[in-house]
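Structural overview for review
Below, each chain spelled out in residue letters.
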Amino acid sequence: MSQYVLRRLLIAIPSLLGISLVLFIVLALAPGDPFSELATNPNVPPEVAAALRTKFGLDDPIYLRYLHWITAMLQGDWGFSFVSRMNVDTLILQRLPTTLYVIGSAQLLALMIAIPVGVYAATKPYSIFDQIANTLAFIGFSLPTFFTGLLFILLFSITLDWLPFVYTTDIKATGFRWVIEQVRQAIMPVMVLGLFQAASMTRFVRSAMLDVIRLDYVTTARAKGLGQARVIVKHAMRNALIPVVTLVALQMPAVFGGAIVTEQIFRIPGIGSLLISSILSNDTPVVMAVTFVFACLVVLFNLIADVLYGWLDPRISLR
Amino acid sequence: MLDNELRTMIDEVKDGRMDRRGFVQRMLAFGLTAPMATQILAIGGVAMAEGPSVYKPTKRGGGGALKLLWWQGPTLLNPHFATGTKDQDGSRLFYEPLACWDPDGNMKLVLAAEIPSIQNGGLAADGTSVTWKLKPGVKWHDGKPFTADDVVFNWEYARDPATATVTIGVHRDITVEKVDDLTVRILFKKPTPFWADAFVGAPQSIIPKHLFAEYKGAKSREAPNNLSPVGTGPYKFVEFKPGDVIRGEINPDYHMPNRPHFDTIEMKGGGDAVSAARAVIQTGEYDFGWNIQVEDDVLLRLEKGGKGKTVYAVGGDTEFIALNFTDPNTEVDGERSSIKTKHPLFSDPAVRKALSMLVDREAVKKVIYGRAGRVTPNFLNGPEQFVSKNTTWEFSIEKASKLLEDAGWKVGADGIREKDGKKLKLLYQTAINGPRQKTQAIVKQACQKAGIDVELKSVVASVFFSSDVANPDTYAKFYADLEMFQIPMSQPDPAQHMRRYHSRNVATKENKWQGVNFPRWVNKDYDATVDAAEAETDLVKRAALYIKANDIMMQDIVFIPVMHRLKVEACSNTLRPVVSGWANETDNLFDWYREATG
């Protein structure tokens, strides 16, 4: 087992290097300029922008820039934002808690809806409940988050005036009120993201469960005289969850990566909004760091998913 | 004649035979505005009066929280590193310049004790130096005194290329020296009629020497105070998260009486302009929303029964269509739009003239800009005293067609005019931005009716305005026949703006397209006029020269002015902001207050 993990980690190194190289080249070739705003400011002579480009090494050849970046990264230096003139790791760490809170809650909400609904729908396929769940799931994942987000804002903030739609990181209350406010402002983004996730996951859980529930061993378990709940939870669900675990594990990096659209709509200062504003202002070091961390997380969670298989289904052996 | 009369009147004011108001009123009769009149008095030896204050509160604090919404949040808080206005706005909450501009373009004192004038010895008669007296008793937020050393340090800090400041352009050609602890003198290399550039306005805010002295030059990025400003401003720094939020609290030792009004301040970033307008006007979650470039229809709808309104500030920003005077489709020595070529179509003045008649400015205003725009025949639209009254514009497809017809451009089989085998086909580019794409469509439609085929092109703003030499789609390369954008006018003076189009500034491959004359227009008359204006210390003559420069430009049709754009902000019904079209939104923040709701 430990040998397996070690081997997987070793394989990850060249693939991460490859990913970083591709990312870097794509970003370097992408058009744009972190100092574009200076160009139309008559107060700033164009030589100033050009001097800044040289100073930040933007005019160096790509391979040199990549080498600089990778050696710094290996030493734990994540780089330096052109736009904020501060270290990239500080920027990211500042944004991480909010992202974890909002996106994490959304994932939890999605799981809490998807697993019970999916399992129950699978035990009674084509019943009224199943039909309704299916229809809602279809609607749910057909509606993009930017649409539901705006819809929620119009309904809950503007018409009903119940919830704020601008997310603030520092609420000026303490104790219980702070918690209330914190929850209140997160309701809309969490619902938007959570319901969207839940919709696709429900369908996934349902079909995984349907596959398993018809198998002979489930019939055997029933024949032994076990109760319905016990059969479903202990026997069927455990097996049905294997593909679901993959899905959830692969979505975990997204929890850290944030949700670009939703964060933008609700002004949530998370990683997603950092990424999009950095892309828009061509702040390459930040984009590079965020996407690279993202790549690392994908590799890591893939590994975790594989290890979890072994635990969920002892028949799968890891070599 | 005007000159003589003016001199007599100035003397009358000096001797007290005529009061200031009388003078200003007489000047209005000459078509000059109040700010211009006061500037004339200043140069004539009568001190310039400070802009009036509208600030009502009679005690410091008590205004509660002020919540500002900047849909592009500031990403850094050192004015010398501010790449955009948003960063200047954020820095200005804590740092202050010597003086700033009020809504009428009048100077307002901040850290300076008096406005320099010839009378008080502040201005050299030959325009080569300006001496600023600093306000005594001003303290940085950490209690250290603010002195002339700080001002001199800012100059040293900014002009050092290793510091990599964006303010270097202002500081590299001047010399700043300390006269005494509360006096600094700025020396110019040549006579400078507009002396209020260095240390004036938000971009020129002053940082403390005692916290930044160690971080001058290459170490500049390591300064801990880059992210936690210690300034002299009305609010003290509390917290900063780049791109997200800035928080500040009242400065109880602020140097202006009864100010500031608010106890805390918050500037939240992120999102988009429409939802920012919504959060201020419709739900009232925020007090003030910055740069609300939203279609007027939407704003009008939001304002109905809302908790806020839009406010406008008039500056000199002009949205224009620039004509390329060189040929974008011919390559000379590996360079397109080379100054060695002539534009095959625009070298016929009739084509340029016809084009200017095909831009329906009235429709653009009605459909797109609404209250945020004014129709104008001029490129230079402010300050008032520099605005030409000699120009006119019209929109007429018939006249344009006739003009082309008479010049020999005949409609071909495909409906497009042609002459000598050259077809009237134009490429019209701009940055991606809702109003701009709509304007493109309006112009294209009119051109089509007149037999001109226009192909539209839109480029992402970060590319279009980029200084990246390798990119072919920048406005400076101008690989198109027409291009549309605006160059913000960041101070109430046209010098920087008009200097751009001097023939020595033509953008070429040789200067890596850093030449700022992007239409590549060369006119000796214009060059001479701008050169004369720059050396002219008589403000009346100087204004006349800039008006002439504008008129030459309009005669040659280098630009087709599309709209004189106003600044649009969203503001709660109770907030009384002071926003100048000549300065950053937060430049007059010390005068903001909230009217008690009644």
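Cut-offs and rules
Sequence order sets the numbering: in each chain, residues are counted from 1 along the sequence as written. For naming, the first written chain is A and the first written ligand is 1, with later ones following in the order written. Since the coordinates come from a predicted model, pLDDT governs what is reported: local features require at least 70, and pairs of side-chain atoms require 80 or more to be given and counted, while whole-chain, interface and lining totals use all residues. Comment: elements are numbered from the N terminus, with helices defined as DSSP H or I runs of at least four residues and strands as E runs of at least two. To assign burial, the other C-beta atoms lying within 10 Å of each residue's own C-beta are counted, with C-beta atoms placed from the backbone; 20 or more indicates buried, 12 or fewer indicates exposed, and intermediate counts indicate partly exposed. Here contacts are defined at the residue level, using C-beta atoms placed from the backbone and a cut-off of 7 Å between them. For the radius of gyration, the atoms used are the C-alpha atoms, and the globule rule reads 2.2 Å times the number of residues raised to 0.38. Residue type decides the class: Asp, Glu, Lys and Arg count as charged, Ala, Val, Leu, Ile, Met, Phe, Trp, Tyr, Cys and Pro as nonpolar, and the leftover types, Gly among them, as polar. Axes, fitted as lines to C-alpha atoms, cover a helix only where it is in contact. Angles between the N-to-C directions of the axes lie from 0 to 180 degrees. Convention used here: angles under 35 degrees read as roughly parallel, angles over 145 as roughly antiparallel, angles from 65 to 115 as roughly perpendicular, and any remaining angle as oblique. A crossing counts as left-handed when the near helix is turned anticlockwise from the far one by less than a right angle, and as right-handed when that turn is clockwise. Among buried residues, those of type Ala, Val, Leu, Ile, Met, Phe, Trp, Tyr and Cys that are joined through C-beta atoms within 7 Å form a set called a nonpolar core. What marks off one domain from the next here is an automatic or database domain assignment. By the convention used here, strands pair only if DSSP detects at least 2 bridges between them. What a helix is expected to span follows from its residue count: subtract one and scale by 1.5 Å. Confidence scores labelled pLDDT are given residue by residue by the predictor and lie between 0 and 100. Seen with the strands pointing away from the viewer, any crossover whose path from the first strand over the helix to the second strand runs clockwise is right-handed.

Along its length, chain A carries 13 helices and 0 strands. The secondary structure elements of chain A, listed N-terminal to C-terminal, are α-α-α-α-α-α-α-α-α-α-α-α-α. Buried positions account for 37% of the 319 residues belonging to chain A. The contacts in chain A between residues at least 6 apart in sequence include a share of 72% that link residues at least 24 apart.

So, on to the overall build of chain B. The secondary structure content of chain B amounts to 17 helices and 21 strands. Over its C-alpha trace chain B gives a radius of gyration of 25 Å, about what one expects of a compact globule, namely 25 Å for 598 residues. With respect to the three principal axes, the spread of C-alpha positions in chain B is 80 × 55 × 55 Å. Looking at the 598 residues of chain B, the share that counts as buried comes to 54%. Look at the contacts in chain B between residues 6 or more apart in sequence, and 68% of them connect residues 24 or more apart.

How big an interface is tends to be stated in terms of accessible area lost as the parts join. Counting from both sides, the interface comprises 48 residues of chain A and, opposite them, 47 residues of chain B. Counting only elements with at least two residues in the side of chain A that touches chain B, the list comes to helix H2 (36-39), helix H3 (46-55), helix H5 (88-123), helix H7 (145-159) and helix H12 (271-280) of chain A. Across the side of chain A that touches chain B, the residue classes tally to 24 nonpolar, 15 polar and 9 charged.

Residue and element names in this part refer to chain A. It is the contact of H5 with helix H6 (residues 128-142), at a shortest axis distance of 8 Å, that shows an interaxial angle of 135°. For the element pair H5 / H6, the angle class is oblique. Between H5 and H6 lies a crossing whose hand is left-handed. Of H6, the residues touching H5 (which contributes Val117, Tyr120 and Ala121) are Phe129, Asp130 and Ala133. A breakdown of the residues in the contact of H5 with H6 according to their chemical character gives 5 nonpolar, no polar and 1 charged.

With that settled, the discussion passes to the nonpolar core. Counting residues in each nonpolar core, the largest one holds 226 residues, and the members touching the most others are Leu69, Ala276, Ala277, Val280, Ile321, Leu358 and Tyr546 of chain B. If you count residues domain by domain, this core takes at least three from each of domain 1 (2-88) and domain 2 (97-312) of chain A. Each residue touching Leu69 of chain B, except ones within four places of it in the same chain, is listed here: Lys268, Ala276, Ala279, Val280, Tyr286, Phe288, Gly289 and Trp290 of chain B.

The next point concerns the sheet that holds strand S15 (residues 422-423) of chain B. Residues and elements named next belong to chain B. Strand order in the open sheet formed by 3 strands is S13-S14-S15, and the pairing between neighbours is antiparallel. Looking at which strands have only one partner, the edges of the open sheet turn out to be strand S13 (410-411) and S15. With 2 bridges joining them, strand S14 (residues 417-419) and S15 adopt antiparallel strand pairing. Of the residues in S15, the one forming a bridge with Lys419 is Lys422.

This part is about the sheet that holds strand S4 (residues 129-133) of chain B. For sheets, the rule is that strands pair by backbone hydrogen bonds, running either parallel or antiparallel. Residue and element names in this part refer to chain B. Within the open sheet, the 3 strands sit side by side as S4-S6-S5. Their pairing is antiparallel. Of all strands in the sheet, those bounded by a partner on one side alone are S4 and strand S5 (174-180). In this sheet, adjacent strand axes meet at a mean angle of 20° when their direction is disregarded. When S4 meets strand S6 (residues 183-188), the two strands line up antiparallel, connected through 5 bridges. Residue pairing across strands places Val130 opposite Ile186, the latter belonging to S6.

Once that is clear, we can look at the domain arrangement of chain A. Residues and elements named next belong to chain A. Domain boundaries assigned for chain A yield domain 1 (2-88) and domain 2 (97-312). Relative placement of domain 1 and domain 2: their C-alpha centres are 32 Å apart. Every contact between the two is made by 21 residues of domain 1 and, on the other side, 16 residues of domain 2. Ranked by residue count, the leading element in the side of domain 1 that touches domain 2 is helix H1 (residues 2-29), at 10 residues.

Residues and elements named next belong to chain B. With 18 residues, helix H17 (residues 539-556) should cover 26 Å at 1.5 Å per step; its first-to-last C-alpha distance of 26 Å lies within 8% of that length. Turning to H17, its buried residues number three or more, namely Leu539, Val540, Arg542, Ala543, Leu545, Tyr546, Ile547, Ala549, Asn550, Met553 and Met554. At the C-terminal side of H17, Ile557 shows a positive phi close to 50°.

Bringing the environment of Asp327 of chain B into the picture now. Positionally, Asp327 of chain B belongs in the loop between strand S11 (308-323) and helix H10 (349-356). Considering only alpha carbons, one finds Asp327 of chain B and Leu345 of chain B, 18 residues apart in sequence, at a separation of 8.9 Å.

The subject of this paragraph is unusual backbone geometry. In terms of backbone geometry, most residues other than glycine have negative phi values and most peptide bonds are trans. Omega for the peptide link from Arg259 of chain B to Pro260 of chain B comes to -5°, which places this bond in the cis form. Omega for the bond connecting Gly382 of chain B with Pro383 of chain B falls within 30 degrees of zero, at -10°, which places this linkage in the cis form. Topologically, Pro383 of chain B is positioned in the loop between strand S12 (373-374) and helix H12 (397-406). Located in the positive-phi region is Arg85 of chain A, a residue other than glycine, with phi close to 50°. For Arg85 of chain A, the position within the fold is in the loop between helix H4 (62-74) and H5. Residue class for Arg85 of chain A comes out buried when judged on the 22 C-beta atoms lying within 10 Å of it.

Residues and elements named next belong to chain A. Relative to each other, H7 and helix H8 (residues 175-213) sit at 140°, their axes nearing to 10 Å. Here H7 runs over H8; the crossing is right-handed. Contact with H7, carried on its side by Thr145, Thr148, Gly149, Phe152 and Phe156, involves Met188, Met191, Val192, Leu193 and Phe196 of H8 and no other residues of that element. Residue classes in the contact of H7 with H8 are distributed as 7 nonpolar, 3 polar and no charged.

This brings us to the environment of Gly51 of chain B. Residue and element names in this part refer to chain B. Mapped onto the elements of the fold, Gly51 is located in the loop between helix H3 (34-43) and strand S1 (65-70). Through-space distance from the C-alpha of Gly51 to that of Ser117 is 15 Å; in sequence the pair is 66 residues apart. Among residues more than four places away in sequence, those in contact with Gly51 are Asp102, Asp104, Asn106, Met107 and Lys108.

Glancing now at the confidence of the model for chain B. Residues of chain B with pLDDT of at least 70 account for 93%, and the chain-wide mean is 89. As scored by the predictor, the complex reaches a pTM of 0.84 and an ipTM of 0.81.

This part covers H4 of chain A. Taking 1.5 Å as the rise per residue, H4 of chain A with 13 residues should run 18 Å; its terminal C-alpha atoms sit 18 Å apart, in good agreement. Note on H4 of chain A: the residue one or two positions beyond its end, Gly76 of chain A, has a positive phi of about 85°.

Residues and elements named next belong to chain B. Most of strand S7 (residues 235-241) is tucked away, with 5 of its 7 residues classed as buried. The pairing of S7 with strand S8 (residues 245-250) spans 6 bridges and is antiparallel. Across the sheet, the residue bridging to Lys236 is Glu249, located in S8. Hairpin connection, S7 to S8: the antiparallel pair is bridged by 3 residues, and Gly243 has positive phi, about 80°.

A few words now on the pairing of strand S17 (residues 453-459) of chain B. Residue and element names in this part refer to chain B. Here strand S16 (residues 425-431) runs beside S17; their pairing, made up of 7 bridges, is parallel. Paired with Leu426 across the bridge in S17 is Val454. The parallel pair S16 and S17 is bridged by helix H13 (residues 434-449), and the resulting crossover is right-handed.

Residues and elements named next belong to chain B. When you line up the elements, Arg371 lands in the loop between helix H11 (361-369) and S12. By C-beta crowding, Arg371 is classed as partly exposed, having 13 other C-beta atoms within 10 Å. The residues touching Arg371, leaving out its near neighbours within four places in the chain, are Asp296 and Tyr312.

In the predicted model, chain A carries a mean pLDDT of 85, and 98% of its residues have values of at least 70. Across chain A, the element-wise mean pLDDT spans from 75 in H2 of chain A up to 91 in H6 of chain A.

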